[in-house]
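What follows is each chain in one-letter form.
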Amino acid sequence: MKVIFVGSLVLLVLGVLVPLALAGHNYGDALSKSFLFYEAQRSGYLPHNQRVQWRGNSGLNDGKASGIDLVGGYYDAGDNVKFGLPMAFTITMLSWSILEYGRQMAASGELSNAMDAVKWGTDYLLKAHPEPYVLYGEVGDGNTDHYCWQRPEDMTTSRAAYRIDPNHPGSDLAGETAAAMAAASIVFRRYNPGYANELLNHAHQLFEFADKYRGKYDSSITVAQKYYRSVSGYADELLWGAAWLYKASNNQYYLNYLGRNGDALGGTGWSMTEFGWDVKYAGVQTLVAQFLMSGKAGHNAPVFERYQQKAENFMCSCLGKGNRNTQKTPAGLIFRQRWNNMQFVTSASFLATVYSDYLSSAGKSLKCSSGYVSPNELLSFAKSQVDYILGDNPRATSYMVGYGNNYPRQVHHRASSIVSYKVNPTFVTCRGGYATWYSRKASDPNLLTGALVGGPDAYDNFADQRDNYEQTEPATYNNAPLIGVLARLHAGHSGYNQLLPVVPGPKPTPKPAPRPKVTPAPKPRVLPVPANAHVAITQRPTSSWALNGKTYYRYSAIVTNKSGKTVKNLKLSIVKLYGPLWGLTKYGNSFIFPSWLNSLPAGKSLEFVYIHTASPAIVSVSSYTLV
């Protein structure tokens with residue numbers, strides 16, 4: 001058996017820290033079911049490998065009246081409208097889940113389904129962005145749609161398309177869509193590089209659109225106000241988009257944007273107790289904290305530290321150990337609001353999970369107002385929320401449809417509550433659907449497997465009734481962050497963390513080497529370098545000399561295997577290197593073992609040296625295997 005680790009900082013397996021903690025639920029089964037829900041939410045022409053067979057093609061004329069093809073994408077929840085803001089957020093979070101835990105999904109046989117779920121959304125988003133400064137943000141009208149109760153295959157409601165442009169801006173919508181395309185571009189970089197480049201190009205354009213023409217999207221697409229009003233405004237999406245574009249491109253412009261605008265746009269100021277399709281601050285702050293812990297902040301470090309403080313305030317609030325804590329039900333579930341509360345549960349659980357891994361990788365703890373908290377406590381919190389969702393609650397109810405034995409049977413969802421047209425193709429009229437199917441006090445004829453419904457109220461109460469839309473309606477953005485946590489928990493004792501994308505990002509263009517004045521050689525000292533629990537790296541200057549007005553330094557770097565196993569397939573990332581290097585082999589954008597070495601036994605070290613006229617290069621671990 002071998003355990004693979006990927007990331008610039010790598011997590012020590014938590015098996016010894018969480019005995020028996022990961023054995024209560026079948027997280028792999030819940031993970032598999034979650035992807036089926038996305039297939040049930042598909043709009044457009046369904047593919048040949050569609051597994052949810054009770055659904056059919058729908059929305060085949062979307063966009064036609066506006067002279068554009070907007071067929072495809074996802075219905076957001078239990079209705080038949082395609083809302084752009086929550087759809088884009090769903091794609092961003094699905095992508096983030098893959099980037100963190102894609103290897104765990106692959107081990108479960110679900111990575112291809114995860115990528116299919118992302119691509120179904122990004123294919124639509126590409127269509128919705130036909131020009132650099134034009135983005136379609138909604139198809140359908142919530143008012144007319146909610147007047148009818150019809151399966152998508154029978155829709156007679158308005159399919160009008162609504163857009164933003166320079167005269168009708170929507171920075172929040174454009175910023176979130178930029179984030180979605182940027183995040184997805186990383187997912188596809190290895191497997192479909194042409195598609196990844198297309199996504200990244202659209203992301204760059206959308207971010208420029210969002211930043212240049214500022215405004216709230218629901219002031220332009222007013223029909224969205226009743227359903228997805230952008231209460232937080234667009235500042236958080238500008239930061240969110242910049243963070244994802246930096247992860248996708250390694251372009252310093254976006255990193256500096258985060259540093260330059262952190263105060264003005266609220267990234268360093270807002271201390272949140274929620275994260276979701278509207279309010280992105282906690283997500284931005286978590287991403288920026290990871291940039292900081294990975295040694296990427298550079299001169300932005302002082303600003304990024306303030307982002308991190310707000311990220312940690314969010315984590316502490318979830319644990320109940322902050323100055324302002326999240327509300328919880330008597331049984332311990334995060335409670336933000338009665339209508340679809342579960343979206344906040346899964347998004348908070350995801351941030352806690354990844355931040356736990358980031359901290360563990362960096363060998364750090366979380367500092368709350370009540371004292372220091374171990375990373376494992378964050379992971380345990382996330383697990384407690386997922387376990388509640390899957391049935392560990394006072395009602396012994398699973399809030400994921402199809403998981404366990406006791407789950408919602410009367411879901412507020414048009415397609416699942418009406419007999420499949422493949423069983424009975426008789427047309428269901430707009431109002432007839434309410435009379436025949438909505439008011440029917442019986443289980444849904446179609447099982448909406450994997451759907452995560454809105455969930456219980458503030459006192460853990462829940463009524464499984466179709467007209468109880470606040471509690472029984474599912475949404476795509478409920479499942480997206482949950483998928484990452486499920487993959488992480490399913491890995492159990494053999495889980496391996498992934499802090500960097502599934503594929504390495506492009507190497508930044510090196511800046512010209514500085515021209516330092518001739519100065520005495522620095523005093524020899526050991527320089528700590530980003531490493532991890534198994535592979536330690538130290539560097540120190542061993543000599544220096546002046547030549548032609550420049551001071552050259554020779555650095556020695558020692559890589560030590562601190563684990564009890566043999567390290568193989570080691571890849572190192574070395575940036576800000578401006579001179580020759582000996583003792584490693586260049587491999588693409590990475591460095592690997594030299595030709596005379598193919599492994600590093602337990603307790604052994606290797607040395608490499610380099611010479612340049614600058615401060616020490618930044619050396620970090622990209623990936624390795626323990627055998």
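Attention here is on the structure that accompanies the text. Everything quoted here is computed from the prediction, not taken from an experiment. (Residues numbered from 1 in each chain as written. Predicted model: local features only at pLDDT ≥ 70, side-chain atom pairs only at ≥ 80, totals over all residues. Heavy atoms only, no water.)

### Things to note about the overall build of the chain
Each helix and strand counted, the chain has 18 helices and 16 strands in total. Restricting the contact set of the chain to residue pairs at least 6 apart, pairs at least 24 apart contribute 75%. For the chain, the accessible area works out to roughly 23300 Å², and carbon and sulfur atoms hold 52% of it. (Helix = DSSP H or I, 4+ residues; strand = E, 2+ residues; numbered from the N terminus. Contact = heavy atoms within 4.5 Å. Areas by Shrake-Rupley, 256 points an atom, 1.4 Å probe, with all protein chains shown as cover.)

### Here we look at the sheet that holds strand β4 (residues 161-164)
Strand order across the open sheet formed by 3 strands is β2-β3-β4, with antiparallel pairing between neighbours. In this open sheet, the two strands that pair with only one neighbour each are β2 (82-83) and β4. By the bridge criterion, 4 bridges tie strand β3 (residues 135-139) to β4 in an arrangement that is antiparallel. Across the sheet, E138 pairs through a bridge with Y162, a residue of β4. (Pairing = 2+ DSSP bridges.)

### Considerations on the packing of aromatic side chains
This structure, assessed with the given rule, holds 32 aromatic pairs. Aromatic side chains Y388 and Y399 sit 6.4 Å apart centroid to centroid with 15° between the ring planes, which places their arrangement in the stacked category. Here Y388, found in helix α14 (residues 375-389), pairs with Y399, found in the loop between α14 and α15 (414-417); they are 11 residues apart in sequence, far enough to count as distant. Assigned by exposure class, Y388 and Y399 land together as buried. Chaining the aromatic ring pairs together yields one cluster made of F89, W96, W240, W244, F275 and F350. Sitting over the face of the ring of W120, R42 holds its NZ or CZ atom 4.7 Å from the ring centroid. Lying over the aromatic face of F344, R336 brings its terminal NZ or CZ to 5.9 Å of the ring centre. (Phe/Tyr/Trp six-rings, centres within 6.5 Å; stacked < 30°, edge-to-face > 60°. Buried < 20%, exposed > 50% of the residue type's maximum accessible area, 1.4 Å probe, protein only. Lys NZ or Arg CZ within 6 Å of the ring centre and 35° of its normal.)

### Observations regarding the state of the cysteines
For the structure on display, the rule yields 2 disulfides. C148 shares a disulfide with C430; S-S distance 1.9 Å. A torsion of -85° about the S-S bond marks the disulfide between C148 and C430 as left-handed. Of this pair, C148 sits in the loop between α4 (142-147) and β4 while C430 sits in the loop between α15 and α16 (432-438); the two residues are 282 residues apart in sequence, bridging distant segments of the chain. The two residues C148 and C430 agree in class, both being buried. Each disulfide in the chain links cysteines that, numbered along the sequence, combine into the pattern 1-4, 2-3. Residue C318 stays outside any disulfide, its sulfur separated by 9.2 Å from that of C316, the closest cysteine. Assessed through its relative accessible area of 1%, C318 is described here as buried. (Disulfide = S-S within 2.5 Å.)

### Regarding the environment of N26
Here N26 is to be found in the loop between β1 (3-6) and α1 (27-40). The spacing of N26 and L390 is 364 residues in sequence and 9.2 Å in space, taken between C-alpha atoms. In terms of polar contacts, N26 uses its side chain to reach the backbone amide nitrogen of D29, at 2.9 Å. (Polar contact = N/O pair within 3.5 Å; in protein donor to acceptor, adjacent residues only side chain to side chain.)

### Observations regarding the nonpolar core
With 153 residues, the main nonpolar core has W96, W240, W244, L258, F304 and L366 as its most contacted residues. When sequence neighbours within four positions are dropped, the list of residues in contact with L366 reads E312, M315, C316, L319, Y355, L359, G371, Y372, V373 and L378. Judged by nonpolar contacts, the second largest core, of 23 residues, contains F608, Y610, V619 and V621. (Core = buried A, V, L, I, M, F, W, Y, C linked by side-chain atoms within 4.5 Å.)

### Description of helix α11 (residues 281-293)
The terminal C-alpha atoms of α11, which comprises 13 residues, lie 18 Å apart, in line with the 18 Å expected from a rise of 1.5 Å per residue. Judged by how many residues are buried, α11 sits mostly within the fold: 13 of 13 residues are covered. At the exit of α11 stands G295, carrying a positive phi of roughly 80°. (Expected span 1.5 Å × (residues − 1).)

### Overview of the pairing of strand β16 (residues 618-626)
In terms of residue burial, β16 counts as a mostly covered element, since 8 of its 9 residues are buried. Here strand β10 (residues 567-575) pairs with β16 via 7 bridges, running antiparallel. From the neighbouring strand, L572 faces β16, where its bridge partner is V621.

### With respect to the packing of helix α12 (residues 301-319) against helix α13 (residues 342-362)
Their axes nearest at 10 Å, the elements α12 and α13 cross at an angle of 120°. Here α13 runs oblique to α12, going by the angle between their axes. Judged by the sense of rotation from one axis to the other, the crossing of α12 with α13 is left-handed. Here Q308, E312, F314, M315 and C318 of α12 lie close against α13, whose contacting residues are A348, L351, A352, Y355 and L359. For the contact of α12 with α13, the class distribution of residues is 8 nonpolar, 1 polar and 1 charged. (Axes fitted to C-alpha atoms, helices over the stretch in contact; angles between N-to-C directions. Parallel < 35°, antiparallel > 145°, perpendicular 65-115°, else oblique. Left-handed = near helix turned anticlockwise from the far one by under 90°. Nonpolar A, V, L, I, M, F, W, Y, C, P; charged D, E, K, R; others polar.)

### Considering the environment of S112
Along the chain, S112 falls in helix α3 (residues 111-127). According to the relative accessible area criterion, S112 is partly exposed, its value standing at 45%. In this structure, the C-alpha to C-alpha distance between S112 and G102, residues 10 residues apart in sequence, is 9.7 Å.

### What to know about the pattern of salt bridges
When the charged atoms of two side chains lie near each other, side chains of opposite charge can form a pair. The full count for this structure, using the stated rule, is 22 salt bridges. Among the salt bridges present, the one from R55 reaches E153, with a minimum N-O distance of 2.8 Å. One end of the pair, R55, is in the loop between α1 and β2; the other, E153, is in the loop between α4 and β4, and 98 residues separate them in sequence. The class for E153 is partly exposed, based on a relative accessible area of 21%. R214 is paired through a salt bridge with D211; the nearest N and O atoms lie 2.6 Å apart. Overall, the relative accessible area of 38% leaves R214 in the partly exposed class. (Salt bridge = Lys/Arg side-chain N within 4 Å of Asp/Glu carboxyl O.)

### Observations concerning helix α18 (residues 476-490)
Between the first and last C-alpha of α18 there are 21 Å, a value that for 15 residues agrees with the 21 Å anticipated at 1.5 Å per step. Most pronounced at L482, the bend in α18 amounts to some 30°. The buried count for α18 comes to 14 of 15 residues, which makes it a mostly enclosed element. G492, located one to two residues past α18, shows a positive phi value of around 55°. (Bend = angle between axes of the 7 residues up to and from the residue.)

### Side note on the pairing of strand β8 (residues 535-547)
Pairing of β8 with strand β9 (residues 550-561) involves 12 bridges; the strand directions are antiparallel. Counterpart to S543 in the pairing with β9 is R554. Between β8 and β9, which follow one another and run antiparallel, lie 2 residues, and N548 among them has a positive phi close to 55°.

### Quick word on unusual backbone geometry
In the Ramachandran plot, N569 falls in the positive-phi region, its phi being about 55° despite a non-glycine side chain. The phi dihedral of K576 is positive, around 60°, even though this residue is not glycine. When you line up the elements, K576 lands in the loop between β10 and β11 (581-582). When its relative accessible area of 47% is taken as the criterion, K576 is described as partly exposed.

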